[in-house]
Amino acid sequence: MWPYPGIIAHRGGGTLAPENTLAAMRCGVQHGFRAVEFDVMLSADNVPILMHDPVFGRTIKGTGNVSDATAGELTRMDAGAWFGVQFAGECVPTFEEAVHYCKKHHIWMNVEIKPAPGFDVQTGRVVAEIARRLFAAEIASGAPAAALPLFSSFSFDALAAARDAAAEIPRGYLVDAIPADWRQKLQALDAIALHTNHKKLSADQAREIKGQGFGLFCYTVNDPGRAREILSWGVDAFCTDRIDVIGPQFS
Ligand code: G3P
Ligand code: MG
């Protein structure tokens, strides 16, 4: 059985706040969410920070690679102004800051490991090592599954490195369309779930994955009708940008 929440705020606060910021998570909390997905990338000095794009220009002003900036530089950058003046000055959080915020507010985390190109293994390893330290008490006490985050990644190598560094923290393998060898990939990663694009998922595929005993997570579902449809197929969970339309108790 899926031990985690079923409806998850994508990138913190979906369309209501600047993605991958603490302001986004505050917005999710204000909408009743206690489950979040966010993206984690490494800085030049190996500090995981919350970031989706590997290059500047969309959410952060400037040009060049995120992986060339240090954590000190990144955490001073404005990650909110692009979204609206009321968010100006909202900074890039470190992964560690995000975990502290989520723990304090009892928010469950789907941590998407998002390596910049060429940094797959390093990103998976560093993120997992830090998570292992931050959740050491939960791991040692055998706390319920939902007390730990769920890692996910499109990068097989990043997830394999996360498994090697912190096997106790569960993994979901992220794909766009479901590949023919999905089951072998999940088994190789010792992953508990497949995370897939709902637009490319069929009812038959959903039944097959569930029938094989794996969790099934979809991204990013913004239409209530479609959400009901995939839930009827046995999908365990999905993330949404429309936290104003699809609430945490949606069914
Ligand atoms: O983790 C699900 C989803 O966030 C994957 O796509 O590009 O929004 O990170 P993306
Ligand atoms: Mg993501």
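Residues numbered from 1 in each chain as written. Chains lettered and ligands numbered in written order. Predicted model: local features only at pLDDT ≥ 70, side-chain atom pairs only at ≥ 80, totals over all residues. Heavy atoms only, no water.

Caption draft 1: Structural context of the overall build of the protein chain. Helix and strand counts for the protein chain come out as 9 helices and 9 strands. Its C-alpha atoms give the protein chain a radius of gyration of 17 Å, within 12% of the compact-globule value 18 Å for 251 residues. Projected onto the principal axes, the alpha-carbon positions of the protein chain cover approximately 45 × 40 × 35 Å. Relative to all contacts within the protein chain whose residues are 6 or more apart in sequence, the contacts with residues 24 or more apart total 56%. Carbon together with sulfur atoms contributes 52% to the accessible area of the protein chain, which is approximately 10400 Å² in total. The centroid of the 23 positive side-chain charges in the protein chain is displaced by 3 Å from the centroid of its 28 negative side-chain charges. (Helix = DSSP H or I, 4+ residues; strand = E, 2+ residues; numbered from the N terminus. Rg over C-alpha atoms; globule rule 2.2 N^0.38 Å. Contact = heavy atoms within 4.5 Å. Areas by Shrake-Rupley, 256 points an atom, 1.4 Å probe, with all protein chains shown as cover. Lys, Arg positive; Asp, Glu negative; His and termini not counted. Charge placed at Lys NZ, Arg CZ, Asp CG, Glu CD.)

Caption draft 2: Representation of the site of ligand 1 in the model. For ligand 1, the full set of nearby residues is H10, R11, E37, D39, H52, E112, K114, F154, L174 and Y219. One nitrogen or oxygen atom from the side chain of H52 is found 2.7 Å from an oxygen atom belonging to ligand 1. Residue composition of the shell around ligand 1, grouped by class: 3 nonpolar, 2 polar and 5 charged. (Near = heavy atom within 4 Å. Polar contact = N/O pair within 3.5 Å; in protein donor to acceptor, adjacent residues only side chain to side chain. Nonpolar A, V, L, I, M, F, W, Y, C, P; charged D, E, K, R; others polar.)

Caption draft 3: Summary view of the environment of F250. In this fold, F250 is placed in the segment after β9 (237-240). In this structure the C-alpha to C-alpha distance between F250 and A161, which are 89 residues apart in sequence, comes to 35 Å. Excluding its chain neighbours within four sequence positions, the residues that come into contact with F250 are I7, P224, A227, R228, L231 and F238.

Caption draft 4: Geometry of the packing of helix α4 (residues 120-134) against helix α6 (residues 156-165). For the pair α4 and α6, interaxial distance at closest approach is 7 Å and the crossing angle is 35°. For the element pair α4 and α6, the recorded crossing hand is right-handed. Residues D120, V121, G124, R125, A128, E129 and R132 of α4 lie in contact with α6, whose contacting residues are D157, A158, A161, A162 and A165. Here the residues of the contact of α4 with α6 are counted per class, giving 6 nonpolar, 1 polar and 5 charged. (Axes fitted to C-alpha atoms, helices over the stretch in contact; angles between N-to-C directions. Left-handed = near helix turned anticlockwise from the far one by under 90°.)

Caption draft 5: Representation of the pattern of salt bridges within the structure. Applying the stated rule across the entire model yields 17 salt bridges. Where D190 meets R171, a salt bridge forms, and the shortest distance between an N and an O atom there is 3.9 Å. Placement of D190 in the loop between α7 (182-189) and β7 (193-197) and of R171 in strand β6 (residues 171-174) is noted, with a sequence separation of 19 residues between them. Relative accessible area serves as the criterion here: at 52%, D190 is assigned to the exposed category. Among the charged side chains, a network of salt bridges with common partners joins R11, E19, D53 and R58. (Salt bridge = Lys/Arg side-chain N within 4 Å of Asp/Glu carboxyl O. Buried < 20%, exposed > 50% of the residue type's maximum accessible area, 1.4 Å probe, protein only.)

Caption draft 6: Just the nonpolar core, in detail. Within the largest apolar cluster, 65 residues are counted, with the highest numbers of intra-cluster contacts made by M25, F38, F95, F151, L194 and F238. Of all hydrophobic cores here, the second largest spans 12 residues; its members include Y4, I8, F217 and A237. (Core = buried A, V, L, I, M, F, W, Y, C linked by side-chain atoms within 4.5 Å.)

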